[in-house]
Amino acid sequence: MTDATHSSDPISWFASRARAPEHDAFAGAFPMYGRTYHQNPARAFEEMRRHGPVVPILLEGDVPGWLVLGYRELRYVLSNPKLFTRDSRQWNQWDNIPPDWPLMAYVGYQPSMLFEVGAAHERRAGALSEALAAADQFELRAHCERVVEGLINAFIGSGRADLIAQYAVPIPLLALGSMLGLPDQDTRALLGEVATALNGGPAAMEAYQRIQAIMTRLLESKRQRPGPDLPSRLLAHPAKLTDEELTQDLLLTLTAGDDPTATWIGNTLQLMLTDDRFAMTLSGGRSSIGQALNEVLWKEAPGQIAIGRWPVMDTQLSGRRIRAGDLLVCGLAAANLDPAVHPDFYRDSMGNHAHMTFGYGAHGCPHPAPELAEIIAHIAVEMLLDRLPDVVLAVPPETLEWRTSIQMRSLKTLPVEFTPGYPT
């Protein structure tokens, strides 16, 4: 029985696939993989929510875990880092996880800020936040405008484009390259390497190592010739980060700022082209672009889940008995759609920034990273609307394919047509 067999009824398919691994606690666990799940995770979350705000799940390879769907429950988990640690070495399933598990990149412990806890995390997160806060936002805007104009100029004469590969994907990385003070050739090289690393598979580790080599080379050059860029500010920070810490945190900044922002842009453009009500929101001018971008963070969040948290002792969560070391998967998108906190989506989302898209608590996206990402996304959407006012989807909406990524909710392609124009 294939996924396609049940594609017309995702909820029935999803419920019928629920099954249990060896532990009774995971009886009726829901599989979070397969084409049906990836094409419409919101429908899958709707079915899961019928069983409570915390449900047993199976990740790829039938690895058990708990998905935290409820907004209040997720906020509780993320607000209690001493009980629900970010240190993945606490996982009680390591003996059952093969080294080539497809999701190893998200759980394999690394000496990065992502897995640090307590004072060690505060030290590194504080340094990164202060270095990001010193970024010149006016210069970032100007650089983004140059990047976006160049990308549009490359395809405007043809009257056709793929707004994912030719537009949404390269914009954030080209913008981040400027903030990092990367030479142009290294920025261009990263365009392919980051995509390969994020897609997983046998080539991912080699791509990751090449990215790490670029970051190491960047730090060496900035130590000799500091500039008005993020690595130079981190090198000079009183926290005195080690070379390993600097390399890891720059890698994290690069990957966390690239794919989610590209997906934010892509999902906004997808809704603009497929949802008439959303398109009308965008037509109201510059201020409405900010409202539309915020709505996307509620409705079609770039980051669907975050893996993970691990309780340091046996505990109870919404009536579920969670063992010490069990994997908790943070349902960011599911929490945003929780009807208990968001009963009237269209009316209440416009000025409401309490979504979980950027995480929450000590390991949430560090300030002012979300603000910088919004600058990039805002310029990308605004300039496309200005330059391609009659852009339309070139294929039926139901044929659009979503990436088979458990973390990111992003399209593979977004083909469009428009009246050909001239480069500026």
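Please read all numbers here as calculations on a predicted model, not as lab measurements.

A few points about the pattern of salt bridges
Inference 1: Evaluated as defined, the whole model comprises 21 salt bridges.
Inference 2: Linking Arg188 and Asp184 is a salt bridge whose minimum nitrogen-to-oxygen distance equals 3.8 Å. Placement of the pair is Arg188 and Asp184 together in helix α10 (residues 184–199), with a separation of four residues, close to one helical turn.
Inference 3: Judged by its relative accessible area of 47%, Arg188 falls in the partly exposed class.
Inference 4: When its relative accessible area of 52% is taken as the criterion, Asp184 is described as exposed.
Inference 5: Measuring nitrogen to oxygen at the nearest pair gives 2.2 Å for the salt bridge that ties Arg277 to Glu295. One end of the pair, Arg277, is in helix α14 (residues 276–282); the other, Glu295, is in helix α15 (residues 286–299), and 18 residues separate them in sequence.
Inference 6: Ionic contacts of the salt-bridge type, sharing partners, join the residues Glu116, Arg124 and Asp249 into one network.

Points about the sheet that holds strand β11 (residues 415–417)
Inference 1: Read from one edge to the other, the open sheet built from three strands follows the order β5-β11-β10, with strand pairing classed as antiparallel. Only two strands of the sheet have a single neighbouring strand rather than two, namely β5 (160–162) and β10 (392–393).

Observations concerning the environment of Glu116
Inference 1: Within the secondary structure layout, Glu116 lies in the loop between α5 (104–107) and α6 (118–133).
Inference 2: At 3.0 Å, the side chain of Glu116 forms a polar contact with the side chain of Arg124.

Considerations on the packing of α6 against helix α13 (residues 243–274)
Inference 1: Between α6 and α13, the least distance of the axes is 12 Å, while the angle of their chain directions is 60 degrees. One element, α6, and the other, α13, form an angle in the oblique class. Considering the relative orientation of α6 and α13, their crossing is right-handed. Seen from α6, the contacting residues are Arg123, Arg124 and Leu128; seen from α13, they are Glu245, Gln248, Asp249 and Thr253.
Inference 2: Its residues assigned to classes, the contact of α6 with α13 comprises one nonpolar, two polar and four charged.

Here we look at the sheet that holds strand β1 (residues 30–31)
Inference 1: Spatially, six strands are ordered β1-β2-β3-β9-β6-β4 in an open sheet, and the strand pairing comes out mixed. Lying at the two open borders of the sheet, with one neighbouring strand each, are β1 and β4 (84–85).
Inference 2: Contacts between helix α4 (residues 71–78) and the sheet are confined to β2 (54–59), β3 (63–68), β4, β6 (306–311) and β9 (328–330), with β9 contributing the most and set at about 115 degrees to the helix.

Side note on the packing of helix α9 (residues 170–180) against α13
Inference 1: For the pair α9 and α13, interaxial distance at closest approach is 8 Å and the crossing angle is 145 degrees. Here α9 and α13 pass one another in a crossing that is right-handed. On α13, the residues that touch Ile171, Pro172, Leu173, Leu176 and Leu180 of α9 are Leu250, Thr253, Leu254, Gly257, Asp258, Thr261, Ala262 and Ile265.
Inference 2: Each residue belonging to the contact of α9 with α13 can be placed in one class, and the counts come to nine nonpolar, three polar and one charged.

Focus on the environment of Asn92
Inference 1: On the secondary structure map, Asn92 appears in the loop between β4 and α5.
Inference 2: Measuring from C-alpha to C-alpha, the distance between Asn92 and Arg141 comes to 46 Å, with 49 residues separating the pair along the chain.
Inference 3: The residues contacting Asn92, other than those within four sequence positions of it, are Arg323, Ala324, Gly325 and Asp326.
Inference 4: A distance of 2.8 Å separates the side chain of Asn92 from the side chain of Asp326, its partner in a polar contact.

Structural notes on unusual backbone geometry
Inference 1: Residues Ile307 and Gly308 are joined by a peptide bond in cis, for which omega reads -5 degrees.
Inference 2: Tracing the sequence through the fold places Gly308 in strand β6.
Inference 3: Residue Pro368 follows His367 across a cis peptide bond; omega there is 0 degrees.
Inference 4: Note on placement: Pro368 falls in the loop between α17 (345–348) and α18 (369–387).
Inference 5: Phi is positive for Lys240, which is not a glycine, with a value near 50 degrees.
Inference 6: By the element assignment, Lys240 lies in the loop between α12 (230–235) and α13.

Thresholds, definitions, all that
- Residues numbered from 1 in each chain as written.
- Predicted model: local features only at pLDDT ≥ 70, side-chain atom pairs only at ≥ 80, totals over all residues.
- Heavy atoms only, no water.
- Salt bridge = Lys/Arg side-chain N within 4 Å of Asp/Glu carboxyl O.
- Helix = DSSP H or I, 4+ residues; strand = E, 2+ residues; numbered from the N terminus.
- Buried < 20%, exposed > 50% of the residue type's maximum accessible area, 1.4 Å probe, protein only.
- Pairing = 2+ DSSP bridges.
- Polar contact = N/O pair within 3.5 Å; in protein donor to acceptor, adjacent residues only side chain to side chain.
- Axes fitted to C-alpha atoms, helices over the stretch in contact; angles between N-to-C directions.
- Parallel < 35°, antiparallel > 145°, perpendicular 65-115°, else oblique.
- Left-handed = near helix turned anticlockwise from the far one by under 90°.
- Contact = heavy atoms within 4.5 Å.
- Nonpolar A, V, L, I, M, F, W, Y, C, P; charged D, E, K, R; others polar.

From the geometry alone we can't say anything about function, so treat these as descriptive.
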